[in-house]
Amino acid sequence: MSRTDRATLTLGQRLGQGGQGTVHEVLNRKINGQWDVAFKEYDPGVLPNLDVAALTAMTDLIGRLPGWDAAWLCDKTAWPAELVEAEGSVTGFLMRSVPQRYAFDLRTLSGTVRKLATMEFLLNDDAYVSQIGLQVSDRDRLLVLADLADTLTRLHAMDIVVGDLSPKNLLFTTGASPECFLIDCDAMRLGGVEALPQVETPDWQIPADEQKGTPQSDAYKFALLAVRVFARDQSSTDPVRLAALSPALADLAAAGLHQPPSDRPAPEQWATQLRQAALSASTVPTLAPPPPPPLPPLPPQAGSGLTQPAKIGLGVVAGVLGLVLALVVVTSLTSLLRGSGGSSSAEESSSPYSSSETSDTYTPEPTPSDTPSETPTETYSETPSEDPFDPADLDDKSTDSTPITASALLPESFTSAKGVRYNLKASGVDDCPDSYHDSNVKSALRKANCTDMITGAYVNPSASKNQRIMVAVWVVPLKNDGRADTAYSRLKNAYADDWGIVCPRRGPGAGLCDGSWSWAQTYGWTGYTHRYLMHTMAIYTNRTRVASARVWLKDASKAAYNAVGPMVFHGN
């Protein structure tokens, strides 16, 4: 299989960035002269683990398959089509762009934005799904799953295993023919060989004693997906909602999740029952009433202690906070934040820039084929910058040009997956560690030799008073990415309020630092990207403790985590 020199590609906009690399639009190439092309370029840190021979086998596969199988593979997946090299070394590959039918106009408070229709959206309640602009019936859900079951069956027949089968890698459409499309195909296994080490999305792992990347692991994760698509939930393993629709499907789910690998139902068994259930399923999108506003906090109870947190969603743990420590007021350098100590509730982490478990995403386009063929393009040209930015420079203080300021590391605003906009109300540069941190956070930060950290507080200003959420954020620059990784390993199981809380001095959220917030429901994320350790924590300003608030806090804290960091300065 021939290789393409990167210098011959005319690149358009950056379509996405994930844990392994960056996806670019390619303006001067077409697949089979008709389908748009994207270029996935691996980060330098990924290349040492890349098996070029295995990736070459993947790009060669389309030419080895019968014509109908090759056309089908390109119609259902963003399969690697051709290697790209720079200075004689493979740096990535070309693939077809995602067909437009797998995207939708996501409604937000400020308008609409075109987004890939990942199956993550279906793991939410019907009111949310409808609110963002999707109309999905139970029949649609069944037929999308049936098409995925057919797709897995055919992939397995080609000796292809998905491995990291999760809603982040699966796109769907509910048009005339509900169906699915698979991305991140370079993470799949072909003939038992993988181009990159197998990873698993948090909360989508197979049982600990099993081999990753097998037909049986795909069967397990398909059962998880079927349960969660109908539970409208990110982490459920209970098939009760599925049973209400079809007892036979619930039986398949139970067997898929609890039987030995060799006894799990194969995807083709699912396809038959899913289509049977679809015959009598509702074709009307199910709309649930919006959740009631959070209730005021309950009065403290005697002998409270700490509530054991539960694991939620993408490996993040949230819970009710425990005791409150003495209030400490902190003066920051630019916009006066206040800090207050807390005690305990747990949180885990996700590391979107540095974890290879994060899926790459990119903007949709038309439908697939074979090897890219050159198409002359005169309208567009690539203008290289004088000093191109290399993300690897962010790994070490000596090469990182990012200013350690709030404006460089905190965006002025961000919008969450649920369409809620949050504005930065206060920010500053604080001592690291600071007095309001709990002892375990202080210890980890001291061992990391941090000196300064950026803190900030975001609020959703357009919400009514009893629906206002504040998100406190910390961005801690360290000497290098190794030190950030070590600090993260010491803090990934820390309680959520061990970091304390920071509040604006005036306006929404200010009152949280004036009294006890220890009984409030919170949700937080901890992780790192390059040399930057990051932590976020969301809390309702009315200190609600009701469990129904958690989904909105999770949404806010995750969005804040994804928004902050050095890519604010470097134009992410």
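Note that the structure is a prediction, hence the values are computed from the model and not measured.

Asks: Any chance you could explain the overall build of the chain here in plain terms?
Replies: Of the regular secondary structure elements, the chain holds 12 helices and 26 strands. Counting the 572 residues in the chain, one finds 58% classified as buried. Of the roughly 22500 Å² of accessible surface on the chain, a fraction of 50% belongs to carbon and sulfur atoms.

Asks: Could you clarify how one ought to interpret the packing of helix α7 (residues 247-258) against helix α8 (residues 267-278) in this entry?
Replies: Helix-helix packing is characterised by the crossing angle of the two axes and by the distance between the axes. Axis separation between α7 and α8 bottoms out at 9 Å; the angle between their running directions is 155 degrees. Here α8 runs roughly antiparallel to α7, going by the angle between their axes. Of the two possible hands of crossing, α7 and α8 adopt the one that is left-handed. Together, A248, L249, L252 and A253 of α7 and Q269, W270, Q273, L274 and A277 of α8 make up the contact between the two elements. Residues belonging to the contact of α7 with α8 are distributed by class as follows: 7 nonpolar, 2 polar and no charged.

Asks: So what exactly am I meant to see when it comes to the state of the cysteines here?
Replies: Each disulfide consists of a covalent bond between the sulfur atoms of two cysteine residues. Scanning the model with the defined rule gives 2 disulfides in all. What pairs with C432 in a disulfide is C450, and their sulfur atoms sit 1.9 Å apart. Between C432 and C450, the S-S dihedral sits near -90 degrees, and the bridge is therefore left-handed. Taken together, the residues C432 in the loop between β21 (421-431) and α10 (439-447) and C450 in the loop between α10 and β22 (452-459) connect sequence positions 18 residues apart.

Asks: What is the right way to read the side chain of R550 from this model?
Replies: With respect to the helices and strands, R550 occurs in helix α12 (residues 550-563). No salt bridge is formed by the buried R550; the nearest opposite charge belongs to D233, separated by 9.3 Å.

Asks: Would you mind going over the environment of R3 with me for this structure?
Replies: Topologically, R3 is positioned in strand β1 (residues 3-5). Measuring from C-alpha to C-alpha, the distance between R3 and V90 comes to 8.6 Å, with 87 residues separating the pair along the chain. Residues within four places of R3 in sequence aside, it is in contact with V52, T56, E82, L83, E85, G88 and V90. A distance of 3.4 Å separates polar atoms of two side chains, one belonging to R3 and the other to E85.

Asks: Got a minute to help me understand α12 in this structure?
Replies: In an α-helix, one turn spans 3.6 residues, which is why side chains three or four residues apart end up on the same side. Compared with the 20 Å implied by 1.5 Å per residue over 14 residues, the 20 Å span of α12 between its first and last C-alpha is a close match. Just past α12, the residue G565 takes up positive phi, approximately 120 degrees.

Asks: Is there a simple way to think about the pattern of salt bridges in this case?
Replies: Evaluation of the coordinates by the stated rule reveals 20 salt bridges. For D69, the salt bridge goes to R154, with nearest N and O atoms at 2.8 Å. Of the two residues, D69 sits in helix α2 (residues 67-76) while R154 sits in helix α4 (residues 138-157), which places them 85 residues apart along the sequence. Of the residues examined, R154 reaches a relative accessible area of 30% and is grouped as partly exposed. A single network of salt bridges, built from pairs that share partners, joins D75, K76, R101, D147 and E179.

Asks: I keep staring at the environment of M188 and nothing clicks. Help me out?
Replies: Residue placement: M188 occurs in the loop between β12 (179-182) and β13 (189-190). A C-alpha to C-alpha distance of 9.7 Å links M188 and W79, two positions 109 residues apart in sequence. Those residues in contact with M188 that sit more than four places away from it in its chain are M58, W79, I160, V161, V162, L182, V193, E194 and Q198.

Asks: I keep staring at the sheet that holds β13 and nothing clicks. Help me out?
Replies: Backbone hydrogen bonds hold the strands of a sheet together, and the pairing may be parallel or antiparallel. Reading across from one edge, β10-β13-β14 is the order of the 3 strands in this open sheet, with antiparallel pairing throughout. Unpaired on one side and paired on the other, β10 (160-161) and β14 (193-194) mark the two borders of the sheet. As paired strands, β13 and β14 are joined by 2 bridges and run antiparallel to one another. Paired with R189 across the two strands is E194, which belongs to β14.

Asks: Please clarify how the side chain of H535 should be interpreted in this entry.
Replies: Mapped onto the secondary structure, H535 falls in strand β26 (residues 532-540). On the basis of relative accessibility, which here comes to 0%, the residue H535 falls in the buried class. Polar contacts involving the side chain of H535 include one to the main-chain carbonyl oxygen of W525, which spans 3.2 Å. Within the structure, the side chain of H535 is placed 2.8 Å from the side chain of T526, a separation counted as a polar contact.

Asks: Before we go on, may I ask you to explain the confidence of the model for the chain in this structure?
Replies: Predicted coordinates in areas of low pLDDT are best not read in detail. Per-residue pLDDT for the chain has a mean of 81; in total, 80% of the residues score no lower than 70. Mean pLDDT across the secondary structure elements of the chain bottoms out at strand β15 (residues 310-312), with 25, and peaks at β10, with 98. Scored below 50 in pLDDT, residues 288-336 shows 151 contacts in the model against residues more than four places distant or in partner chains. pLDDT under 50 marks residues 342-386. Its contacts with residues more than four places away, or in other chains, come to 182 contacts.

Asks: Hey, could you run me through the packing of aromatic side chains in this one?
Replies: Geometry of an aromatic ring pair is reported as the spacing of the ring centres plus the angle between the planes. Within the structure shown, the criterion is met by 9 aromatic pairs. Seen from their ring centres, W474 and W499 are 5.8 Å apart, and the 50 degrees between their planes marks the pair as tilted. Placement of the pair is W474 in strand β23 (residues 469-477) and W499 in the loop between α11 (481-491) and β24 (501-504), with a sequence separation of 25 residues. The exposure classification of W474 matches that of W499, with both residues buried. What links up through ring pairs into an aromatic cluster is the set F414, Y422 and Y458. Directly above the aromatic system of W204 lies the positively charged group of R228, at a separation of 4.5 Å from the ring centroid.

Asks: Just checking my understanding: could you explain the pairing of strand β11 (residues 170-173) for this structure?
Replies: Each regular strand shows side chains that alternate between the opposite faces of the sheet. Neither face of β11 is open: one carries L170 and F172, the other L171 and T173, and all of them are buried. One ladder, built from 4 bridges, connects β11 with β12; its direction is antiparallel. By the bridge assignment for β12, T173 is matched with E179.

Quick notes on the rules
- Residues numbered from 1 in each chain as written.
- Predicted model: local features only at pLDDT ≥ 70, side-chain atom pairs only at ≥ 80, totals over all residues.
- Heavy atoms only, no water.
- Helix = DSSP H or I, 4+ residues; strand = E, 2+ residues; numbered from the N terminus.
- Buried < 20%, exposed > 50% of the residue type's maximum accessible area, 1.4 Å probe, protein only.
- Areas by Shrake-Rupley, 256 points an atom, 1.4 Å probe, with all protein chains shown as cover.
- Axes fitted to C-alpha atoms, helices over the stretch in contact; angles between N-to-C directions.
- Parallel < 35°, antiparallel > 145°, perpendicular 65-115°, else oblique.
- Left-handed = near helix turned anticlockwise from the far one by under 90°.
- Contact = heavy atoms within 4.5 Å.
- Nonpolar A, V, L, I, M, F, W, Y, C, P; charged D, E, K, R; others polar.
- Disulfide = S-S within 2.5 Å.
- Lys, Arg positive; Asp, Glu negative; His and termini not counted.
- Salt bridge = Lys/Arg side-chain N within 4 Å of Asp/Glu carboxyl O.
- Polar contact = N/O pair within 3.5 Å; in protein donor to acceptor, adjacent residues only side chain to side chain.
- Expected span 1.5 Å × (residues − 1).
- Pairing = 2+ DSSP bridges.
- pLDDT = per-residue confidence, 0-100.
- Phe/Tyr/Trp six-rings, centres within 6.5 Å; stacked < 30°, edge-to-face > 60°.
- Lys NZ or Arg CZ within 6 Å of the ring centre and 35° of its normal.

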